[in-house]
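One letter stands for each residue in the lines below.
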Amino acid sequence: MPKENIILEKSFNFSIKIIKLYTFLKDHNEYVISKQLLRSGTSIGANAEEADAGQTHKDFTAKMSIASKEARETRYWLRLLQKSQLVKHDYKEYLDDVEEIVRILTAIVKTSQQGK
C-alpha cells in the first residue's frame, strides 16, 4: 500500500479547483489573469510530483523550491482577482488552500535544506 503524501494530494486537489476556477473566469470573459493563475496553480503539483521522483536530495530540494515559488505566485494572482473584483467571486477558499500549501512547502524546503 503506497504511503500517503500530503503535499502531492493537496496540490493535486488544488490543481483541480484551479482548473474549475479558470473555466469560471473564462466564462466571465477574464482571459489574462486566469491563464496566469492556471499555469502557476497547476505547476505547484507538477513540481511536487517531479520532486517526489527526484534522483538526488539536491534535485528534490530544487523542485520543491520551485513548487513553493509557484504557490506564492498563485497566491498573488488570487489576491489580485479578489482585490480588483474583475470577476466578482468569493476567492477565500482558494486563498486558504494556497496558504496551507505555501506553509507545507516552506516547511519541506527548510527541512530539506537542513538535511544537506
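Quick note: structure is the one above.
How each quantity is defined
- Residues numbered from 1 in each chain as written.
- Predicted model: local features only at pLDDT ≥ 70, side-chain atom pairs only at ≥ 80, totals over all residues.
- Heavy atoms only, no water.
- Helix = DSSP H or I, 4+ residues; strand = E, 2+ residues; numbered from the N terminus.
- Contact = heavy atoms within 4.5 Å.
- Axes fitted to C-alpha atoms, helices over the stretch in contact; angles between N-to-C directions.
- Parallel < 35°, antiparallel > 145°, perpendicular 65-115°, else oblique.
- Left-handed = near helix turned anticlockwise from the far one by under 90°.
- Polar contact = N/O pair within 3.5 Å; in protein donor to acceptor, adjacent residues only side chain to side chain.
- Expected span 1.5 Å × (residues − 1).
- Buried < 20%, exposed > 50% of the residue type's maximum accessible area, 1.4 Å probe, protein only.
- Bend = angle between axes of the 7 residues up to and from the residue.
- Core = buried A, V, L, I, M, F, W, Y, C linked by side-chain atoms within 4.5 Å.

A. Geometry of the environment of Thr61. Residue placement: Thr61 occurs in helix 3 (residues 57-84). As for Thr61 and Ile44, which are separated by 17 residues in sequence, their C-alpha atoms are 14 Å apart. In contact with Thr61, other than residues within four places in its own chain, are Ser112 and Gln113.

B. Highlighting the packing of helix 1 (residues 6-27) against helix 2 (residues 32-52). Where helix 1 contacts helix 2, the two axes come as close as 9 Å, and the packing angle between them is 165 degrees. If you check the angle between helix 1 and helix 2, you find them roughly antiparallel. Helix-helix and strand crossings are classified by hand; for helix 1 and helix 2 the assignment is left-handed. Listed contacts from helix 2 to Leu8, Ser11, Phe14, Ser15, Ile18, Ile19, Leu21, Tyr22, Leu25 and Lys26 of helix 1 are Ser34, Lys35, Leu37, Leu38, Gly41, Thr42, Ile44, Gly45, Ala48, Glu49 and Asp52.

C. Structural view of the side chain of Ser11. Assignment of secondary structure puts Ser11 in helix 1. One polar contact links the side chain of Ser11 to the main-chain carbonyl oxygen of Ile7, over a distance of 2.7 Å. Among the polar contacts listed, one links the side chain of Ser11 to the backbone oxygen of Leu8, at a separation of 3.3 Å.

D. Main features of helix 4 (residues 92-114). In a regular helix each residue adds 1.5 Å, so 23 residues correspond to 33 Å; helix 4 covers 33 Å between its end C-alpha atoms and thus fits that length. Three or more residues of helix 4 are buried, namely Tyr94, Leu95, Asp97, Val98, Ile101, Val102, Ile104, Leu105, Val109 and Ser112. For helix 4, the elements touching its buried residues are helix 1, helix 2 and helix 3.

E. Up close: helix 2. The end-to-end C-alpha distance of helix 2 is 31 Å, a good match for the 30 Å that 21 residues give at a rise of 1.5 Å each. For helix 2, the principal kink sits at Ser43 and spans about 30 degrees.

F. Geometry of the environment of Asp52. As for its placement among the helices and strands, Asp52 is situated in helix 2. A relative accessible area of 45% means that Asp52 is categorised as partly exposed. With 17 residues separating them in the primary sequence, Asp52 and Lys69 have C-alpha atoms 17 Å apart. Each residue touching Asp52, except ones within four places of it in the same chain, is listed here: Asn5, Leu8 and Phe60.

G. Representation of the nonpolar core within the structure. Judged by nonpolar contacts, the single largest core of 29 residues is most densely connected at Leu37, Leu78, Tyr91 and Leu105. Residue assignment for this core shows that the elements contributing at least two residues are helix 1, helix 2, helix 3 and helix 4. Among the elements that line this core, the one with the most residues is helix 4, at 8 residues. When sequence neighbours within four positions are dropped, the list of residues in contact with Tyr91 reads Leu21, Leu25, Leu78, Leu81, Gln82 and Gln85.

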